[in-house]
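# Summary of the model geometry
As a plain string of letters, each chain reads:
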Amino acid sequence: MTIAGVEELFRARELTANLVRRDLKVRHRGTFLGMLWSLTTPLLFVGLYWFIFTFIFQAGDIPEATRTDGTVVPFALYFFGGLVIWNLFATAVGGSTGSVIGSGYLLGKVYFPRAILPLSTVLSSVVTFGFELAVLVVATLVFAGLPGLHILWLPLIVVVVTLLAFGLALILSSVTVFLRDVAHFIGVFLQLWFWGTPIIYSLSLMAKRPGLLTLLKLNPMTGIVVSFRNVVLLNRPPDFKLLGYDFLVALVCLAVGTKLFGRWQRQFAEIV
Amino acid sequence: MGDVAISCEGVWKSYRIYHQRAHTLKEKVLSRAHRYEDFWALKGIDLEVETGTTIGIIGPNGSGKSTLLKTLAMVLTPNKGSLTVRGRISPLLELGTGFHPELTGKENVFLAGSLLGQPKREVEKRYDGIVDFAGIESFMDIPVKNYSSGMYARLAFAVAISVDPEILIVDEVLAVGDEGFQMKCWERITELRAEGRTIVLVSHSLPTVRTLCSKAVWLEKGTVRETGKAADVVADYLAEVHHETADQDGGAGAGSHGRRYGAGPAQITEVAVLDGDGGHTGTFRTSDPLIIRVTYDIPTGLADTICGIAVMRGENLAYVFGQNSGQAGLTLPPGSGTVEFRVPYLPLLRGHYVITAVLHDEAATKIYDCHERRHWFSVFDNPSLPIEGGMVHVATEWKASLSSDAPSSAAPAEQSAR
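Residues numbered from 1 in each chain as written. Chains lettered and ligands numbered in written order. Predicted model: local features only at pLDDT ≥ 70, side-chain atom pairs only at ≥ 80, totals over all residues. Heavy atoms only, no water.

## Section: the overall build of chain A
Under the convention used in this document: A run of H or I in DSSP counts as a helix once it spans at least four residues, and a run of E counts as a strand once it spans at least two, with each numbered from the N terminus. We take the radius of gyration over the C-alpha atoms and set the globule estimate at 2.2 Å times the residue count to the 0.38 power. Only protein chains enter the accessibility calculation, which uses a 1.4 Å probe; a residue whose area is less than 20% of its type maximum is buried, one above 50% is exposed, and one in between is partly exposed. Residues are treated as being in contact if the distance between any of their heavy atoms lies within 4.5 Å. Residue-level accessible areas treat just the shown protein chains as cover; the underlying method is Shrake-Rupley with a 1.4 Å probe.
Looking only at helices and strands, one finds 12 helices and zero strands in chain A. Ordered by position from N to C terminus, the α and β elements of chain A give α-α-α-α-α-α-α-α-α-α-α-α. For chain A, whose C-alpha radius of gyration is 19 Å, the value lies close to the compact-globule estimate of 19 Å for 272 residues. Once the C-alpha set of chain A is aligned to its principal axes, its extents read approximately 60 × 45 × 35 Å. For chain A, the residues scored as buried account for 51% of the 272 residues in total. Considering only residue pairs separated by 6 or more positions, chain A has 78% of its internal contacts joining residues 24 or more positions apart. Working note: accessible area of chain A is about 12,500 Å², and carbon and sulfur atoms make up 72% of it.

Have a look at this one:
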């Protein structure tokens, strides 16, 4: 991203903050629980997964899910941990795809750096993620124990996944302006991506199938999910090799996204 | 003059008119021929707006006014040419920009404020004023989707006129709604102008452009036809419009572009409308002092020159009042000089007014020079006076008395019977 572009975004930070606030408020407006839903949804999910995996699947513990002190993390928690970071990514990418066309009514009336639109959607996903993370940390305390020092790596992981999501958001939101099919296609695509990421299963499950394992490791979300679970649940360091690769992919996405978005944004107001 | 706030150099803008736009993949793949044509809305616009000036953009429909405005507001990007803007722009292209129906009035004030380029501190400072103006204090915490359309419009309008821009870009669509709204809007623009802000406005109301703007730009089919002093550009524009429609209405339209005629040799070189302190202005409030200053050139030997001033309503040319210096026993001394017509207390109510200034001889048989309906001013309501109907404010008294004090009702009948 050009220096001028970043500076322009920074100058419009109040507007960005207001749009993030709008996103969050609008999402829960008119509901009885309001902002409490941000806490309730993940809590209900934890309960649901715990019930399904303990009583229906009777899933055993997975070898990877042991902490350095030997405590075994219950499978439901293990799964929920992966899901929390995945949700951040999926809601950011899925939500921002339509962020430009969804704000068409603004584009023709007032100038602001257009990248604010996908950016504010991504940031509001980060805020929601904060709520889910709080639930996850409490659940970890109850079912697994205190987190270790490795949790200090957490901000780094969040930065990498946010950058990756913002890069993709720039690409997808601008492409959607010209090709609205993307908005439909992205839902299915994210479902596929979900199953292609070790969230409901662990990487070790694929140990016997090296081909599939390599493929899995090419998925930039793999390193993020694995590292996130390591630092929050398992008291282990992040997988730096995979996380470094994810960071590179994020940078490439950002570069491509800025380029595309920058070239096309001048036409947004006329087409949307 | 001062710095340049906006400078446009050779700006071209085209719209691609698709006969059938491909929005989906299927359409994109299947329709090989993308049928469209380019429509050039702006064809090489050169424009400089100096800091602190108010400039009006006029022209017929489809001449590119709105496109130019949106280009200046940086909503549209020109295909060719360069645009440089120095200062923070607040575009008012519609009412309620960025209002979200699910958000409360209060939240929307802040959201819309930041969209219009207002820092949060500023909005906080003005918040009470906005609520006050909109007059819906008890509704600020409910979503605007539950507002009546009148409440919505009032809030949107209050936000719009609260902006404190360095450069204000206004479309006349802002002035839809009742006359009170429009006047408030123009009043606010007048205030901002007095504070030295740069203002660009598009309007179909030529009297507005004439009184509010110092400069005007006449657009025609995407090019600048004329640019210069607002009064001159508006006069020329009207002259052409009237020329075109002269056959239909016999050339006597109420819009009246004004004209200049006279046999000489005395000449009016300038007519200025001034406020009480002698500053140039085009806008007044009822009860303000007003001065019309006529600058003249009278050859030596012409000893009986009288100056006459007439004031008419802008929209229907209703004759409001007229006086000449002869009535006050004043003949103008020959040479180059000025004569001032002073109105210490302007009784006119809100509206646009047009002036005719004339130099003639004592008997008013010879017209030396006449600027007929060429100079305009506008009057706004004075908030400290009660609201009145009609054209003029008249100092009056009301008195009521009971009928027992009055002569008996039979008396007049007897008298008339005699």
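## Points about the packing of aromatic side chains
Definition in use: Ring pairs are drawn from Phe, Tyr and Trp, using the six-membered ring of Trp, whenever the two centres fall within 6.5 Å, and their geometry is named by plane angle: stacked under 30 degrees, edge-to-face over 60, tilted for the rest.
As enumerated under the stated definition, the model contains 21 aromatic pairs over all chains in all. With a centroid separation of 5.7 Å and an interplanar angle of 70 degrees, the aromatic rings of A:Phe189 and A:Trp193 are classed as edge-to-face. Taken together, the residues A:Phe189 and A:Trp193, both in helix α9 (residues 181–195) and four residues apart, mark about one turn of the helix. For the pair B:Tyr353 and B:Phe377, a centre-to-centre distance of 5.6 Å together with 20 degrees between the ring planes defines the contact as stacked.

## Looking at the nonpolar core
This is how the line gets drawn: Residues enter a nonpolar core if they are buried and are Ala, Val, Leu, Ile, Met, Phe, Trp, Tyr or Cys, with the set joined through side-chain atoms within 4.5 Å.
One finds A:Trp86, A:Phe89 and A:Phe228 to be the most contacted residues of the largest nonpolar core, which totals 106 residues. Tallying contributions element by element places helix α4 (residues 75–97) of chain A first for this core, with 15 residues. In contact with A:Phe228, other than residues within four places in its own chain, are A:Gly81, A:Val84, A:Ile85, A:Phe129, A:Leu133, A:Leu136, A:Leu154, A:Ile157 and A:Leu233. Judged by nonpolar contacts, the second largest core, of 46 residues, contains B:Phe110, B:Ile136, B:Leu155 and B:Val170.

## Digging into the sheet that holds strand β11 (residues 267–275) of chain B
Residues and elements named next belong to chain B. In plain terms, the rule: One requirement defines pairing of two strands: DSSP has to find at least two bridges between them. Convention adopted: a line fitted to C-alpha atoms gives each axis, helices being fitted over their contacting stretch, and angles between N-to-C directions are expressed from 0 to 180 degrees.
Strand order across the open sheet formed by three strands is β11-β13-β16, with antiparallel pairing between neighbours. Looking at strand neighbours, the two that pair on one side only are β11 and β16 (335–343), the edges of this open sheet. When the angles between neighbouring strand axes are averaged without regard to direction, this sheet yields 20 degrees. The pairing of β11 with strand β13 (residues 290–298) spans eight bridges and is classified as antiparallel. Directly across from Ala 272, in β13, lies its bridge partner Arg 293.

## With respect to the pattern of salt bridges
Note the threshold: Only one rule defines a salt bridge in this text: a Lys or Arg side-chain nitrogen within 4 Å of an Asp or Glu carboxyl oxygen.
This model, assessed by the stated rule, comprises 16 salt bridges over all chains. Between A:Lys25 and B:Glu107 there is a salt bridge whose closest N-O contact spans 3.2 Å. Taken together, the residues A:Lys25 in helix α2 (residues 13–28) and B:Glu107 in helix α3 (residues 105–115) connect one chain to another. Measuring nitrogen to oxygen at the nearest pair gives 2.9 Å for the salt bridge that ties B:Arg197 to B:Glu195. In this structure B:Glu195 comes out as partly exposed when scored by relative accessible area, which is 44%. In this structure, a network of salt bridges that share partners links the residues B:Glu122, B:Lys125, B:Arg126, B:Asp164, B:Glu195 and B:Arg197.

## Comments concerning α2(A)
Inclusion rule: The length a helix should cover is 1.5 Å for every residue beyond the first.
In a regular helix each residue adds 1.5 Å, so 16 residues correspond to 22 Å; α2(A) covers 23 Å between its end C-alpha atoms and thus fits that length. Among the residues of α2(A), those classed as buried are A:Leu15, A:Thr16, A:Asn18, A:Leu19, A:Val20, A:Arg22, A:Asp23, A:Leu24 and A:His28.

## Re the side chain of A:Ser124
All names here are of chain A. The following threshold applies: Any pair of N or O atoms that falls within 3.5 Å is considered a polar contact. Within protein, one atom must be able to donate a hydrogen and the other to accept it, and sequence-neighbouring residues count only if both atoms are side-chain atoms.
Secondary-structure assignment places Ser 124 in helix α7 (residues 116–143). Exposure remark for Ser 124: the relative accessible area of 0% places this residue in the buried category. At 3.0 Å, the side chain of Ser 124 and the backbone oxygen of Thr 121 are in polar contact. Those residues in contact with Ser 124, other than ones at most four positions away along the chain, are Val 20, Asp 23, Leu 24 and Arg 27.

## Describing helix α8 (residues 154–178) of chain A
Across its 25 residues, α8(A) extends 37 Å between first and last C-alpha, which sits within 8% of the 36 Å expected from 1.5 Å per residue. The buried count for α8(A) comes to 20 of 25 residues, which makes it a mostly enclosed element.

## Some thoughts on the packing of α8(A) against α9(A)
All names here are of chain A. Selection criterion: In this count, Pro and Cys sit with the nonpolar residues alongside Ala, Val, Leu, Ile, Met, Phe, Trp and Tyr, while Asp, Glu, Lys and Arg are called charged and the others, Gly among them, polar.
The N-to-C vectors of α8 and α9 enclose an angle of 145 degrees; their axes lie 10 Å apart at closest approach. Here α8 contributes Leu 168, Leu 172, Val 175 and Thr 176 to the contact with α9, which in turn contributes Val 182, Ala 183, Ile 186 and Trp 193. Classifying every residue of the contact of α8 with α9 gives seven nonpolar, one polar and no charged.

## Description of the layout of surface pockets
Residue and element names in this part refer to chain B. As a reminder of what qualifies: For each structure, a 1 Å grid was placed over the protein atoms alone; sets of points admitting a 1.4 Å probe that cannot get out are labelled cavities, open sets with protein on both sides within 12 Å along at least five of seven lines are labelled pockets, and lining residues have an atom within 4 Å of a point. Grid points are joined across faces, edges and corners, and a volume is the space filled by probe spheres set on the points. Domain segmentation is taken from an automatic or database assignment of domains.
The calculated volume of the largest pocket comes to roughly 850 Å³. Surrounding the largest pocket, 30 residues form its lining, Arg 210, Cys 213, Lys 229, Ala 231 and His 280 being those nearest its centre. Among the elements of the structure, α7 (206–212), α8 (230–249), β11 and β18 (367–380) are those that each provide at least two residues to the lining of the largest pocket. Of the residues forming the lining of the largest pocket, the biggest block, six residues, is contributed by β11. Classifying every residue of the lining of the largest pocket gives 10 nonpolar, 11 polar and nine charged. Here the lining of the largest pocket spans two domains, since at least three of its residues come from each of domain 1 (4–88 + 165–233) and domain 2 (259–380).

## Examining the interface of chain A and chain B
Here is the rule we go by: Once two parts are brought into contact, the accessible area they lose, counted with a 1.4 Å probe and summed over both, makes up the buried area.
The interface is formed by 25 residues belonging to chain A together with 35 residues belonging to chain B. A combined buried area of about 2,600 Å² lies between chain A and chain B, and 59% of that area is made up of carbon and sulfur atoms. The interface formed by chain A and chain B holds two salt bridges in total. Notably, a salt bridge pairs B:Lys13 with A:Glu270, separated by 2.6 Å at the nearest N-O pair. Counting every contact that joins chain A to chain B gives five residue pairs in polar contact (both at pLDDT 80 or more). For the side of chain A that touches chain B, the secondary-structure elements that each account for two or more residues are α2, α6 (104–107) and α12 (240–271) of chain A.

## Describing the domain arrangement of chain B
Residue and element names in this part refer to chain B. On domain assignment, one finds that chain B holds domain 1 (4–88 + 165–233) and domain 2 (259–380). Contact with domain 1, which involves 13 residues of that partner, is made by 13 residues of domain 2. Between domain 1 and domain 2, a total of about 1,100 Å² is buried, with carbon and sulfur atoms accounting for 60% of that surface. For the pair domain 1 and domain 2, the interface holds zero salt bridges. Summed over the shared surface of domain 1 and domain 2, the number is zero residue pairs in polar contact (both at pLDDT 80 or more). Every element with two or more residues in the side of domain 1 that touches domain 2 is listed here: α6 (179–194) and α7. Here the side of domain 1 that touches domain 2 takes seven residues from α6, the largest share from any one element.

## Overview of the sheet that holds strand β3 (residues 54–58) of chain B
Residue and element names in this part refer to chain B. Strand order in this open sheet of six strands is β5-β6-β7-β3-β8-β9, and the pairing throughout is mixed. A strand with exactly one partner marks an edge of an open sheet, and here the two such strands are β5 (89–92) and β9 (223–229). For this sheet the average axis-to-axis angle between neighbouring strands, irrespective of direction, equals 15 degrees. Taken together, the five bridges between strand β6 (residues 167–171) and strand β7 (residues 198–202) define a ladder with parallel strand orientation. Among the inter-strand pairings, Ile 167 is bridged to a residue of β7, identified as Thr 198.

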